[in-house]
Amino acid sequence: MRVHYARSLSLLSAAVLIPAFAGFTAGNASAATAHRPAAKKTSVTAAPMTFARNEGQAPGGVRYLGASAGVGVAFTDSGVSIDLTKSSGADSRTPSKASVTLRFVHAARHPEVTGAQRSSAVVNDFHGADPARWHTGIPTFGQVVYHDLWPGIDGIFSVRNGTLKYSFALDPGADPDDIRLSYAGADRVSVDRGGDLAVATGRTVLHDQAPVSYQGAGRVMTGYRLLGGTDFGFTLARYRHDAPLTLDPGLDYSTYLGSTDGMPASSFSVGHDDAGNLYVFGQSSSPAFPTTQTSHRPDGESPDFVVAKLDPTGSRLIYSTFVGGSGAEAGSRGAVGGDGAVYVSGVSSSADFPTTTGAFRKTPYQAPGQSVAFKLDPAGSRLSYGTYLAPDLTVSDVEAGADGSLTVGGSTTSDYAPTTADAYLADYPGGQVSGYLVRLDPAGSDLLFGTYLGAPITDQVAKYGWDPGCYVYAIAVDHAGATYATGGCVNGLPTTPGGFQATKKGLASILVKLDPTGHKADYATYIGDLDSDIMRTDGVAVDRDGHAWVVGDAPPGSVSPTPDAYATECVSAADYPRCATLTEFDGSGHVVHSTYFAAAGDGQTTPFGGVEVDDDGRVYVAGMTGPGLPTTPDAYSTTPGGYEMPYFLAVFENHALRYSTYFGGTSTACAGALCGLIAGFVDVAPDVRSGSVYLAGTTTAPDFPVTPGAFQTTYPGGSNTIFAAKLTLPWATSAKPTTSGGDR
């Protein structure tokens, strides 16, 4: 067992552009020594950095070195030298420099220093006329590790998400008081009001973000300890020495989860339980996908469903298993029940999908494909039930009820999907596609309700040119069992009197609330200001007051922001601008809040990761974006880091932006025609009790930000793979001091 400490390094200096790697920002030096500057900060990004082993291309005392535009890092036995180059004014051609060295005080004089997470890149150095002094094929690494820097303590340096980070891993019994650091070359160090360590050198101020420690799902209060001059260490509240401890400014863990044979894996859904375990729901066709228990593996051609459960540290698979038949399974969505059982639904073409005795339907439909549903017991070792569900149904979302029921939403082209006699809409409404909602009982043996959700199709194609149909893209279920569905529909949806919008002239976004029986609509309304399909809703969540929160993406003019909106306009430099929209509906289906949220640069902001609301009313939105996203000072990453289409996470509280961050790696969310579908998807699941948020999805990035000790720290290969991560946010609750032996 090891205890992990981690820090991140960011730069604040005079209000000029600094050609440094991502995560460095510009601000006022004098103000920064007291608190973070309130002035707008400008960030500059560069390519991600790796570290090359010194094989003679640098002075003899250097063990590893790295460089990016405007910054150089050199690792020696005694510390890490950081050289920064910046312009002295916005239009100045005269650069100025700032240099500091992070020294290890009272540490091992000649520690073992190694590279970890080897990169595919190599360095070639052709300097001078003598070929004997040239160096080629020098390996590069994602991490530099100092072994036993202090007794039982390793130091680990890396560039994560474009930001230089350092961490310390402690063996049992190692003393964190041994960790003593000093910024040589700095004028002074101080702790600002936000808990950051401000390192002043001339007109430049480095900021080490405030340290935070986590043990399991709780937080251990941590701060900087000034030791005189420019020396500093850490001070911690009580913690258990026999349990993992993480000190990090936000990222608890992040890991890949994929096949080492180069075959792709994808995830579209994430969940968590009360113990802090993370659940990934996805698909893979690789027989080499990491599993812990399964008697069935895919054939390498057709994908099967994957369900994986990671422990609270993200370092161990509690279980991972395939579920499927001889055909193809895809598009799984999942949910976690209160007892740790998992509920999954997706699409299958298998005639032999595993079904159970007493299931709702044991035989497949006479259709090219159908939806299926299954429930795994908390150990992940037994099918509680497995059943075919509906023909030609594309599953978009699922929700597990407190009573053990499973609600599934999606869209179908079938006119014989199972419905109940007293359903809201028992007969297929016509057209090419219809929305569909179904709820299975806790045993998976019967339908509690099944209903279409659509509009009668007449001559709308001839009139407007719209694809004649209706779709369900996302659902939510409240504590009473009512179902909220959002999607798109042509004109003619049976809206309720007094609703927000009753009619549209074509395909437009909708929100429908069905009562717990699925018999009638409490309200049904169209959404948006334009009579077109250019606004798409991506998610819906419901809070404790019964208010529905709907996210979507749309061009300018698609919604009417309310006076308390975070942003009243959709501002984007993209050729085809699209901004995220967030709209709150009260219990009667009326809009009480609406806002835009988007990156101002050349990129669309699409919240395809949906929306969630925690028990304290905070609203979490996740998706894909571009440069210029509004981020908060406590963000995990305030810049996209040169990444093509990074993910984002934004949290709103009382209609204000509480937290916003970038998250991802190079080409994280885009791979040609797969943009936003397979190669780029993220899902979010907040946990209000610990102040944490769980993320999972699909990435194409070989430099996705992963943490030391995570289950899989190197990109497994292939066109795309799964990632899973846990972030602990600034409002995390503090862990109570423990009283067991070994407390500190």
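Along each chain, residue indices are assigned from 1 in the same order as the chain's sequence is written. Totals for whole chains, interfaces and linings use every residue, but because this is a predicted model, local features are given only for residues with pLDDT of at least 70 and side-chain atom pairs only at 80 or more, for both listing and counting. Hydrogens and water molecules were not included; the side-chain quantities draw on all heavy atoms of the structure.

A.B. asks: What am I meant to see in the overall build of the chain here?
C.D. replies: In terms of regular secondary structure, the chain is built from two helices and 47 strands. Out of the 744 residues in the chain, the part that is buried amounts to 59%. Two residues form a contact once any of their heavy atoms are found within 4.5 Å. Looking at the chain alone, contacts between residues at least 24 apart form 63% of all its contacts between residues at least 6 apart. As presented, the chain carries roughly 26800 Å² of accessible surface, and 51% of it is formed by carbon and sulfur atoms. Put simply, DSSP H or I for four residues or longer makes a helix, DSSP E for two residues or longer makes a strand, and each gets a number counted from the N terminus. Only protein chains enter the accessibility calculation, which uses a 1.4 Å probe; a residue is then buried when its area is under 20% of its type maximum, exposed when over 50%, and partly exposed in between. Note on areas: Shrake-Rupley with a 1.4 Å probe; residue coverage comes only from the protein chains shown.

A.B. asks: Would you explain the pattern of salt bridges in this entry?
C.D. replies: Oppositely charged side chains can form a pair if their charged atoms are brought close together. Each salt bridge in this description consists of a side-chain nitrogen of Lys or Arg and a carboxyl oxygen of Asp or Glu lying within 4 Å of one another. Taken as a whole, this structure holds 13 salt bridges when the rule is applied. The residue aspartate 231 makes a salt bridge to arginine 180 at a minimum N-O spacing of 3.2 Å. Remark: arginine 180 occurs in the loop between strand E10 (163-170) and strand E11 (181-184) and aspartate 231 occurs in strand E18 (residues 231-236); sequence separation between them is 51 residues. For aspartate 231, a relative accessible area of 14% corresponds to the buried category. You can call arginine 180 partly exposed: its relative accessible area is 24%. For arginine 316, the salt bridge goes to aspartate 311, with nearest N and O atoms at 3.9 Å. Among the residues examined, aspartate 311 registers a relative accessible area of 10% and is labelled buried.

A.B. asks: I keep staring at the nonpolar core and nothing clicks. Help me out?
C.D. replies: The nonpolar side chains of soluble globular proteins are, as a tendency, buried together. For the purposes of this section, nonpolar cores are sets of buried Ala, Val, Leu, Ile, Met, Phe, Trp, Tyr and Cys residues that join through side-chain atoms within 4.5 Å. Phe75, Tyr146, Phe168, Leu181 and Tyr183 are the most contacted members of the largest nonpolar core, which has 36 residues in total. Ranked by residue count, the leading element in this core is strand E8 (residues 135-150), at five residues. Counting residues in hydrophobic clusters, the runner-up holds 25 residues, among them Phe608, Tyr647, Leu649 and Val693.

A.B. asks: So what exactly am I meant to see when it comes to the state of the cysteines here?
C.D. replies: Think of a disulfide as a covalent bridge from one cysteine sulfur atom to another cysteine sulfur atom. Here, the term disulfide refers to a pair of cysteine sulfur atoms separated by no more than 2.5 Å. Scanning all chains against the criterion turns up two disulfides. Across the disulfide from cysteine 470 sits cysteine 489; the S-S distance is 1.9 Å. Across the S-S bond of cysteine 470 and cysteine 489 the torsion is about 45 degrees, and the bridge reads as right-handed. Of the two residues, cysteine 470 is situated in strand E33 (residues 470-477) and cysteine 489 in strand E34 (residues 483-489); the sequence distance between them amounts to 19 residues. The class for cysteine 470 is buried, based on a relative accessible area of 1%. Judged by relative accessible area, cysteine 489 falls into the buried class, the value being 0%.

A.B. asks: Mind showing me how you'd approach the sheet that holds strand E28 (residues 383-391) here?
C.D. replies: Strand pairing within a sheet occurs via backbone hydrogen bonds; the two strands may be parallel or antiparallel. Note: two strands are recorded as paired if DSSP finds a minimum of 2 bridges between them. If you trace the four strands from one edge of the open sheet to the other, you get E25-E26-E27-E28, paired in antiparallel fashion. Looking at strand neighbours, the two that pair on one side only are strand E25 (329-336) and E28, the edges of this open sheet. Recorded for the sheet is a direction-independent mean angle of 20 degrees between the axes of neighbouring strands. For every element, the axis is a line fit to its C-alpha atoms; helices are fit only across the contacting stretch, and the angle between N-to-C directions ranges from 0 to 180 degrees.

A.B. asks: I tried to follow the sheet that holds strand E24 (residues 317-323) on my own but got confused; where do I start?
C.D. replies: Taken in spatial order, the four strands of this open sheet run E21-E22-E23-E24, and their pairing is antiparallel. Edge positions in the sheet fall to strand E21 (265-272) and E24, since each has one partner strand and no second. The average angle at which neighbouring strand axes cross in this sheet is 20 degrees, direction not considered. Of the pairings in the sheet, the one linking strand E23 (residues 304-310) to E24 comprises six bridges and is antiparallel in character.

A.B. asks: What is the right way to look at the packing of aromatic side chains in this model?
C.D. replies: What characterises a pair of aromatic rings is the spacing of the ring centres plus the angle enclosed by the ring planes. By convention, a stacked pair of Phe, Tyr or Trp rings (six-membered ring in the case of Trp) has centres within 6.5 Å and planes under 30 degrees apart, an edge-to-face pair has planes over 60 apart, and any other such pair is tilted. On inspection of all chains with the given rule, the structure shows 30 aromatic pairs. Ring centres of phenylalanine 104 and tryptophan 150 lie 6.2 Å apart, and the angle between their planes is 80 degrees; on these two criteria the pair is classed as edge-to-face. With phenylalanine 104 in strand E6 (residues 95-104) and tryptophan 150 in strand E8, this residue pair connects regions lying 46 residues apart in the sequence. Take phenylalanine 104 and tryptophan 150: they sit in the same class, and that class is buried. Three or more aromatic residues joined by ring pairs form one cluster here, namely Phe51, Phe75, Phe104, Tyr146, Trp150 and Phe157. By definition here, charges over rings are those cases where NZ of Lys or CZ of Arg is within 6 Å of the ring centre and within 35 degrees of the ring normal. Directly above the aromatic system of tyrosine 365 lies the positively charged group of arginine 361, at a separation of 3.8 Å from the ring centroid. In this structure, arginine 536 is placed above the aromatic ring of tyrosine 473, and the distance from its NZ or CZ to the ring centre is 4.0 Å.

A.B. asks: Any chance you could explain the environment of histidine 110 here in plain terms?
C.D. replies: Here histidine 110 is to be found in the loop between E6 and strand E7 (112-125). Separated by 33 residues in the primary sequence, histidine 110 and aspartate 77 have C-alpha atoms spaced 5.7 Å apart. In this structure the side chain of histidine 110 is engaged in a polar contact, spanning 3.1 Å, whose partner is the side chain of aspartate 77. Contacts described as polar in this section are N or O atom pairs within 3.5 Å, which, within protein, must combine one atom able to donate a hydrogen with one able to accept it, while residues neighboring in sequence count only if both atoms come from side chains.

A.B. asks: Please clarify how the side chain of threonine 201 should be interpreted in this entry.
C.D. replies: As for its placement among the helices and strands, threonine 201 is situated in strand E13 (residues 197-201). Of the polar contacts made by the side chain of threonine 201, one reaches the backbone oxygen of glycine 185; its length is 3.4 Å. For threonine 201, the contacting residues outside a window of four places in its chain are Ser99, Val100, Gly185, Ala186 and Asp187.

A.B. asks: How do you make sense of the environment of valine 540 when you look at a structure like this?
C.D. replies: Note on placement: valine 540 falls in strand E37 (residues 536-542). Note: C-alpha distance between valine 540 and threonine 486 (54 residues apart in sequence) is 6.6 Å. If we skip the residues at most four places from it in the chain, valine 540 touches Ala474, Ile475, Ala476, Tyr484, Thr486, Leu511, Ala548, Trp549, Val550 and Val611.

A.B. asks: Could you clarify how one ought to interpret unusual backbone geometry in this entry?
C.D. replies: Glycine aside, a negative phi is what most residues show, and trans is what most peptide bonds show. The residue aspartate 392 is not glycine, and still its phi comes out positive at about 50 degrees. As for its position among the elements, aspartate 392 is in the loop between E28 and strand E29 (393-400). At asparagine 654, a position not held by glycine, the phi torsion is positive, near 55 degrees. Summarising the element assignment, asparagine 654 is placed in the loop between strand E43 (647-653) and strand E44 (656-663).

A.B. asks: Before we go on, may I ask you to explain the pairing of E13 in this structure?
C.D. replies: Two faces belong to every sheet, and in a regular strand the side chains alternate between them. With respect to burial, E13 is a largely interior element, five of its five residues being buried. Covered by surrounding structure in E13 are Leu197, Val199 and Thr201 together with Ala198 and Ala200, the residues of both alternating faces. In this structure, strand E12 (residues 188-191) lies alongside E13, joined through four bridges in antiparallel fashion. Across the sheet, the residue bridging to serine 190 is alanine 198, located in E13. As judged from the five bridges shared by E13 and strand E14 (residues 204-208), these two strands associate in the antiparallel manner.

A.B. asks: Looking at this structure, how should I read the pairing of strand E27 (residues 370-376)?
C.D. replies: In terms of burial, E27 is a largely internal element, seven of the seven residues being buried. Burial of E27 is two-sided: the residues Gln370, Val372, Phe374 and Leu376 facing one way and the residues Ser371, Ala373 and Lys375 facing the other way are all buried. When strand E26 (residues 342-348) meets E27, the two strands line up antiparallel, connected through seven bridges. Pairing of tyrosine 343 across the sheet is with lysine 375, part of E27. Bridge analysis of E27 against E28 gives seven bridges, and the strand direction is antiparallel. Residue pairing across strands places alanine 373 opposite threonine 387, the latter belonging to E28. The turn joining E27 and E28, which pair antiparallel and follow one another in sequence, is formed by six residues; a positive phi near 70 degrees is taken by glycine 380.

A.B. asks: Please explain the confidence of the model for the chain as it appears in this structure.
C.D. replies: Note that predicted coordinates carrying low pLDDT should not be read in detail. Per-residue confidence from the predictor is reported as pLDDT, a score between 0 and 100. Per-residue confidence for the chain gives a mean pLDDT of 77; residues scoring 70 or more make up 74%. In the predicted structure, residues 1-48 sits below a pLDDT of 50 and forms 191 contacts with residues beyond four places in sequence or in another chain. In the model, residues 667-680 has pLDDT below 50 throughout and makes 44 contacts with residues more than four positions away in sequence or in other chains.

A.B. asks: Sorry if this is basic, but what is going on with the environment of alanine 696 here?
C.D. replies: Relative to the helices and strands, alanine 696 resides in strand E46 (residues 692-699). Sequence separation between alanine 696 and serine 254 is 442 residues, and the spatial gap between their C-alpha atoms is 9.3 Å.

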